[in-house]
Every structure is written in C-alpha cells, then in structure tokens.
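# Observations on the model geometry
Take a look at the letters that make up each chain.
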Amino acid sequence: MSASPSQAKNCIAPHRPTSCDLCAVRERSICADLGARELAQVEKTMARRTVVKGHALMEEGESNDTLYVLVQGSFRLTKHLEDGRRQITGFLFPGDFVGVRPTEASAYTAEALEDSMVCHFSHKFLEAIAEDCPGVKDRLIARGQTEYHKAQDHIVLLGKKSAEERVASFIEMVAKSIGETDEDGAATTPLPMPRQDIADYLGLRLETLSRTLASLKKKGAIRDISRHSVVLVE
Amino acid sequence: MKSSWRKCFDQRAPRYTSYPSALHFENTVTPKDFADKLDDVNLYDPLSLYVHVPFCRQLCWYCGCNMRVENYYERARDYVETLCLEIALVGQRLKGRGKTVSVHMGGGTPNYLLREDIGEILTCIEREIGLTDSANLSIELDPRLLRDCDIDHLSALGFRRFCLGVQDFDIGVQQAINRLQSYELIEACVSDMRASGIDDLAFDILYGLPHQSLETFDDTLDKVISLAPDRVSVFGYAHLPERMARQRMIDATALPDEQLRSQLAALSDERLITAGYVRVGFDHYAKPDNALARARLEGRLKRNFQGFTDDAAASQLGFGASAVSFIDGLYAQNERAIDKYARRVRQGEAPIARGLRRTKRETIVATAISDLLCKMSTNVSAVLRHSPPADAIKMCSLLDELEADGVIQWRGDMVEMTDGAHALARMVAMAMDPYARSQADFSAAV
C-alpha cells in the first residue's frame, strides 16, 4: 500500500484554480476568515495539486516549508516508532491542514487514502503577505483542524476505556468532518481508510474492531456497515 | 574453550539481564516513583510488556524461577483477575499514552492457564493499555501441558513466537531433574506449531545438569537439530541449593565438573554453528533468517530480562508476582509472594516491593556491558571517564590480564572479544562492573 520513497512525493503538475470563489470547502472552513484583499493576495501565491492515492504529500523526516490545505479526499498521518513500526497518528479530511510550521524534519508522513486535492501555500509567501496583512496565517487556519488538533483527538480516543467507546467516538469524530445526512435522515459516515488503519489508530486488534462494529450494529447504534462507510441511526 | 581460558570462567558470573543486577534492588522504590515514571511516557513510546504466570503443574528440581506448584485452578483464576486489575491500574495512569509493541508471557508455566484465561489477559491489555495486530506476542510453553488444539488457539490469539522448555532429551537426565518429556511429545508439539504457520519457535536447553555426559548431550543436540527450532537458548544450570530449596533434590555428586561444563557448552556451540545457526550474544542461537539473527547482524540486539531480544522498546512493564518494570532508569519489582502481590493490587495500589534508580555512572556501565554482550565489542572510554582513578586503573589491569590470556583485544578505546571467546563475555563484563570488582572472590574468577 505504501509508496516507495522514490515515487512517494509524486504529485501531479500544479495548476492555478480559476478562482478561490469556486472552492468547495472555502465557506465551511478554509479561508473563510480572510478579507477580500487578503484572499486576493493569498490566491496569487497558492497552487492546487492532485495527490494520487497511496502517494505522500509530505514525508516524515524531510524538510517542509509549505502549508497544505486538504480540499477534497482524505489522508492518513503516520509516524515511525523507534522500533521501526509505523503508527497511524491521524486522518485528514477536507478543511484540515498540515505543515502548519516550516520544519527541517516533518514529524509525520501524510499519505493519500484516495485521489485527493490539496492547496499549497508557501510559508515564505505567507510571511511576505503578512507584512501587509498581519495575522493572515492564523486566520487562514482558524477554522480548520491542524496536525496538533489531530494529536489531541488521538490521545482522547486512546484514553477511552472500552473498545466500544473508542470505536463510537471515532465514527463520531469522522462524521463531524465528512458525515452526510440525506433527506431520509440517514447519516452516512464515509470510512475511506482500511479497517486495519482504524484498528491501529484506536489501539485495537482488527478482530476486536470488527466484533465491536458488529455489536454496535446489533445494539442499533449503527444501521448499516459497508466496507467504506457506516450509516448511523439519527 | 581453550584450556588456558578455564581459569577465566566463573559460573557465578551475573547474567546481566539487568544492570545493576536484581541483587542490588532495595525497598526504597515506591509505587509513587513508578507512577511518576508512567506519567512521563509519551503518546507513541514503544512499550514492551511482560506477564508473569507463577504456576506449574509439577516441580522441576533445577528451576530458579519464582513459581509454585498449584493444584487448585481456582487460585490461578484469582491470579488472572488480579493481573487484570494490575493492568488496569497501569492503564489508568497511562491514559492511552504508550504503544504496546510486544507482550511476552513467562513463568512458571504460562500454559498452566486455560487458553480462555490467556485470551482474557490479552483482552485486558487491549482494553486498558492498547494492543494492535502489529505487536509481537510470545509465550513460554510446557509441552507436557499442551492439549489438543491449544497451539491453534494460541496462534489464533495472535501468538507468533513459542518458547518450549526442552532442557535435555536424555531420560536419565530428565529423571534426575524431575522433568520427563519424550522426544515424541516435543516432536508432536513442533509439528502442530509448524502446521499452524509458526515460524519463530525457540527451544531452551540446559547444560551442567546431573548425569549429563558429552555422549548424552551430543544425542540431545542431534534431536534438537533434527527438530529445527528457529532459535535455541543454551543456558548453564546454576546449582545454588543453599538459596533454592528445590535444588537440594538434585544429587550434587552427579553434576558435571567445571571442565565438563565448559566442554558441554563448547559442544553445543560447535554443533549449532555447524548446523547453520548464527550465534547471538553468548548463549542464544538463531537461524540466519530469524528476526533475532537479523537484529544481531544489524546491531539492534538488546538484552532484557528474557535474555537477548530484538525488541527495541526502551520501556518494559512487568505484570504479576515478582515481575520487573524498567522505565527511564528506574527498575521496579513487584512483590514476589503471590498473596502479598494480590493483596496490594486489590487495594488499588501498584504492588512495587523493591527496585533501583540507576545513577548516571550505572547507566554508562550498563550501556558498555550491554554492547559487549550484544555486539561482542564495546567502547570503554565513557566508563573510564566516569570512574574514580583507582577504579579505572583496576578495571584496565583486569582487562589487560584478559587480553594477555587472549580473551579480548584492545583497539583504541574499544574492547573486543576474540574469536571463540564469546562464552567468556560475562567475565569481561565483570571486569567493567564496579560491583563485581568489589566482591572479595572476584580475584579468584580471573
């Protein structure tokens, strides 16, 4: 599943969006707090790329001076432990940010779980803009979740005592980001990540995760389970 | 072993599974010290878990472990409940921090417990601390207690490494140590394990047992090699009847003398190396494609309470009576007596009885000794720098004597074991160990 390092950072050629006005997630979070002048400035220096499923946006240990905003799709954040194992440390959904501070060595690898769309903002340009528009970076990321929020989420989930609590809270967390409710009131939560990733993230064995999902369905908390989504009972 | 080296050999040498050794533990380490260290564990710090099961069906007279023969399973059931309470106490403190990368169950006899109870312990670890499929699960097994499908069940629970206590195949030796188990029994266990896809199977064998001769031990080694375990640990039996009452059952006059002991050790080394095993440390052997052999090759080998390991976790959490935890320089050992251990856990208290806070100098010596045992070479400059001058001179002169005997070779600040001298690594470690140097009888050992 994971891409080899040589091909990992293989994004498709950048293109400028015709206008940030057309951006699907803008109203919900990204850029929503920017004034018209700020937006015009930011728009000039921004690039949007497609990241192909399985490819990395940023690699743990490599330098990074770009702020990334996820516009469409999903990513998983992973980190190598000192014993060589890989730990899933979080998931990114549209509206989330990574690369919030420029760094010599990224703390995570961000890998696309599906073909995804990402806006790139160079920290260098953002700082240049900040001379005219102080605090622009803070307002840019004000409504989205950054990698620091993801770490908070993770410790909260891992601290929950039963497998059921961990799984239910996880679904709730994902639903808050990308859940959709249709006209019948069925709340569908997409789960773009493999089950093994969810289990690893929640500190559970795969078998326990499957058993817990089945038990949540039996209890009526979940109406339907498919490979890549759950339908919750409203 | 060269005959000139025999004077360097001392069977009382510490095993250095910890440094300083557990003999130096004192009752000054408190549950609060342990809890404070747990508070410092970070979200993704690898944790290596050890679970001690102190029950056996029958007494083996050579055994030096904390165990008791238990005839009432009810008591083992109570113990499992206590273990789960203890795991929950640690989990409450960790609050989701730390990542379980391995669980090892040792004893005693872990498979004295019913497989349902072994499963319950794992479920409890998963719930309270976290357990994912990537964790390495290993368990020590008494082949005589394995029932139909036990292997399948344990492997379904996620155990990937099984350690069988084989000791010796000779019936006369087995009688003399009160552990009768036929070759056919072990063969059946091995074939069950292979059938369930286990590719990391370890045998423990012992030299220095009563009635062992070069002929009987050679035959045991034939059988071991024919069963092709992935790892073999060859331990020397330490006869300490004054400390271990059960060892008084062993006829001391039937024990191999020092010369025969070293010949037995050398025979096992030669046979296993010829059979294609890679030497790991001074008493472990592994097939070249085994994780332990790879760790040795890549310089990742470590030493912990279970011996040599490829487990990279810096923190170890021990659960159960007499189990030892090690976090960030603190050794903390649980109560040895099962009832005392259980009473304290049931009062909601960490059952820490003793331990030790490693000083900076001890940590430096520990690193040097661990490198020596794991890599057969070590840099002694830091140890010398942190020793009082008289101590440093003493250490150098002991190492010089070992060099004169051809056991080691100096290369700048590096001390390297010479070819074939691996069995003496612990004696070289003693020369670097201020505690061992201060013992009056150390001069007799070198």
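All figures in this text were calculated on a predicted structure; none of them were measured in a lab.

### Focus: the overall build of chain B
Within chain B, the secondary structure is distributed over 16 helices and 19 strands. Relative to its length of 446 residues, chain B is compact, with a C-alpha radius of gyration of 21 Å against a globular reference of 22 Å. In terms of its C-alpha atoms, chain B occupies a principal-axis envelope of roughly 55 × 50 × 40 Å. Looking at the 446 residues of chain B, the share that counts as buried comes to 46%. For chain B, the share of sequence-separated contacts (at least 6 apart) that also reach a separation of at least 24 residues comes to 73%.

### Some details on the overall build of chain A
Along its length, chain A carries eight helices and twelve strands. Scored against the burial criterion, the 234 residues of chain A give a buried share of 35%. Taking all contacts inside chain A whose residues are at least 6 apart in sequence as the whole, residues at least 24 apart take part in 73%.

### What about the sheet that holds strand 8 (residues 116-122) of chain A?
Strands in a sheet are paired, the pairing made by backbone hydrogen bonds, and the direction either parallel or antiparallel. Residues and elements named next belong to chain A. Read from one edge of the open sheet, four strands run 1-8-3-6, paired in antiparallel fashion. Looking at strand neighbours, the two that pair on one side only are strand 1 (46-51) and strand 6 (97-98), the edges of this open sheet. Bridging between strand 3 (residues 66-72) and strand 6 involves two bridges; their strand directions are antiparallel. Of the residues in strand 6, the one forming a bridge with Tyr 68 is Val 98.

### Description of the interface of chain B and chain A
Between chain B and chain A, the residue contacts involve 17 residues of the former and 21 residues of the latter. Classifying every residue of the side of chain B that touches chain A gives seven nonpolar, five polar and five charged.

### Quick look at helix 8 (residues 258-274) of chain B
Residue and element names in this part refer to chain B. Its 17 residues place the ends of helix 8 24 Å apart at the C-alpha level, agreeing with the 24 Å of an ideal helix rising 1.5 Å per residue. Buried residues of helix 8: Arg 261, Ser 262, Leu 264, Ala 265, Ser 268, Asp 269, Arg 271 and Leu 272, and no others. Tucked into the core, helix 8 has its buried residues touching strand 7 (201-207), helix 7 (214-227), strand 8 (231-236) and strand 10 (284-286). Gly 276, located one to two residues past helix 8, shows a positive phi value of around 105 degrees.

### Remarks on the sheet that holds strand 18 (residues 408-411) of chain B
Residues and elements named next belong to chain B. Taken in spatial order, the three strands of this open sheet run 17-19-18, and their pairing is antiparallel. Both outer strands of the open sheet, strand 17 (377-379) and strand 18, are each paired with one neighbouring strand and no more. Between one strand axis and the next, the sheet turns through 20 degrees on average, direction left out of account. As defined by bridge partners, strand 18 adjoins strand 19 (residues 414-417) across four bridges and the pair is classed as antiparallel.

### Overview of the packing of helix 2 (residues 73-94) of chain B against helix 10 (residues 338-346) of chain B
All names here are of chain B. One way to put it is that helix 2 packs onto helix 10 with a least axis distance of 9 Å and a crossing angle of 45 degrees. Classed by the angle they form, the pair helix 2 and helix 10 counts as oblique. Crossing hand, helix 2 versus helix 10: left-handed. Residues Asp 78, Tyr 79, Thr 82, Leu 85 and Glu 86 of helix 2 lie in contact with helix 10, whose contacting residues are Ile 338, Ala 342, Val 345 and Arg 346. The residue makeup of the contact of helix 2 with helix 10, split by class, is five nonpolar, one polar and three charged.

### Details of unusual backbone geometry
Residues and elements named next belong to chain B. Note that the residue after Tyr 19, namely Pro 20, is joined by a cis bond; omega there is -10 degrees. Tracing the chain through its elements places Pro 20 in the segment before helix 1 (31-39). Across the junction of Gly 107 and Gly 108, the peptide omega takes the value 20 degrees, indicating a cis bond. Inspection of the secondary structure assignment puts Gly 108 in the loop between strand 4 (99-107) and helix 3 (115-128). The backbone phi angle of Lys 95 is positive, close to 50 degrees, even though this residue is not glycine. One non-glycine residue, Ser 322, lies in the positive phi region at around 70 degrees. Along the chain, Ser 322 falls in the loop between strand 13 (315-319) and strand 14 (324-327). Taking the number of C-beta atoms within 10 Å as the measure of exposure, Ser 322 has 21 and is therefore buried.

### Remarks on the environment of A:Met193
When you line up the elements, A:Met193 lands in the loop between strand 10 (187-190) and helix 7 (195-202). On a C-alpha basis, the gap between A:Met193 and A:Arg227 in space is 9.4 Å, while along the polypeptide they are 34 residues apart.

### Looking at the confidence of the model for chain A
Per-residue confidence for chain A gives a mean pLDDT of 83; residues scoring 70 or more make up 85%. Scored below 50 in pLDDT, residues 1-11 of chain A shows 14 contacts in the model against residues more than four places distant or in partner chains.

### What about the environment of B:Pro20?
All names here are of chain B. We classify Pro 20 as buried; it has 20 C-beta atoms within 10 Å. Along the backbone, Pro 20 and Glu 116 are 96 residues apart, and their C-alpha atoms lie at a distance of 37 Å. In this structure, Pro 20 is in contact with Leu 356, Glu 362 and Tyr 435, ignoring residues within four places of it in sequence.

### Section: the packing of helix 7 of chain B against helix 8 of chain B
Residue and element names in this part refer to chain B. Viewed as axis vectors pointing N to C, helix 7 and helix 8 meet at an angle of 30 degrees, and their least axial separation amounts to 10 Å. In this view, helix 7 runs roughly parallel relative to helix 8, as classed from their interaxial angle. For helix 7 against helix 8, the interelement crossing comes out right-handed. Residues Leu 214, Phe 217, Asp 218, Leu 221 and Ile 225 of helix 7 form the contact with helix 8, whose participating residues are Gln 263, Leu 264, Leu 267, Ser 268 and Arg 271. Partitioning the contact of helix 7 with helix 8 into residue classes produces six nonpolar, two polar and two charged.

### So, the environment of A:Lys44
By the element assignment, A:Lys44 lies in helix 2 (residues 36-45). The sequence separation of A:Lys44 and A:Phe125 amounts to 81 residues, and the corresponding C-alpha distance is 9.7 Å.

### What to know about the pairing of strand 19 of chain B
Looking along a regular strand, one sees the side chains alternate between the two faces of the sheet. Residues and elements named next belong to chain B. Burial of the side chains of strand 19 is restricted to one face: Val 415 and Met 417 are buried, whereas none of Met 414 and Glu 416 on the reverse face is. As paired elements, strand 17 and strand 19 share three bridges and run antiparallel to each other. Paired with Ser 377 across the strands is Glu 416, a residue of strand 19.

### Looking at the confidence of the model for chain B
All names here are of chain B. Confidence in the prediction of chain B, expressed as mean pLDDT, is 92, and 96% of residues score 70 or more. Confidence over residues 440-446 falls short of pLDDT 50; this stretch has ten contacts with residues more than four positions distant or in other chains. Overall fold confidence (pTM) sits at 0.90, and the ipTM for the predicted complex is 0.83.

### Some points on the pairing of strand 15 (residues 330-334) of chain B
All names here are of chain B. With four of five residues buried, strand 15 lies mostly within the body of the structure. Inspection of the sheet shows strand 14 paired to strand 15 by four bridges, in the antiparallel sense. Residue pairing across strands places Ile 327 opposite Leu 330, the latter belonging to strand 15. The hairpin formed by strand 14 and strand 15 contains two residues between the paired strands, and Asp 328 there has a positive phi angle of roughly 45 degrees. Of the pairings in the sheet, the one linking strand 15 to strand 16 (residues 352-357) comprises five bridges and is antiparallel in character. Pairing of Asn 334 across the sheet is with Ile 352, part of strand 16.

How each quantity is defined
Residues numbered from 1 in each chain as written. Chains lettered and ligands numbered in written order. Predicted model: local features only at pLDDT ≥ 70, side-chain atom pairs only at ≥ 80, totals over all residues. Helix = DSSP H or I, 4+ residues; strand = E, 2+ residues; numbered from the N terminus. Rg over C-alpha atoms; globule rule 2.2 N^0.38 Å. Buried ≥ 20, exposed ≤ 12 C-beta atoms within 10 Å, placed from the backbone. Contact = placed C-beta atoms within 7 Å. Pairing = 2+ DSSP bridges. Nonpolar A, V, L, I, M, F, W, Y, C, P; charged D, E, K, R; others polar. Expected span 1.5 Å × (residues − 1). Axes fitted to C-alpha atoms, helices over the stretch in contact; angles between N-to-C directions. Parallel < 35°, antiparallel > 145°, perpendicular 65-115°, else oblique. Left-handed = near helix turned anticlockwise from the far one by under 90°. pLDDT = per-residue confidence, 0-100.

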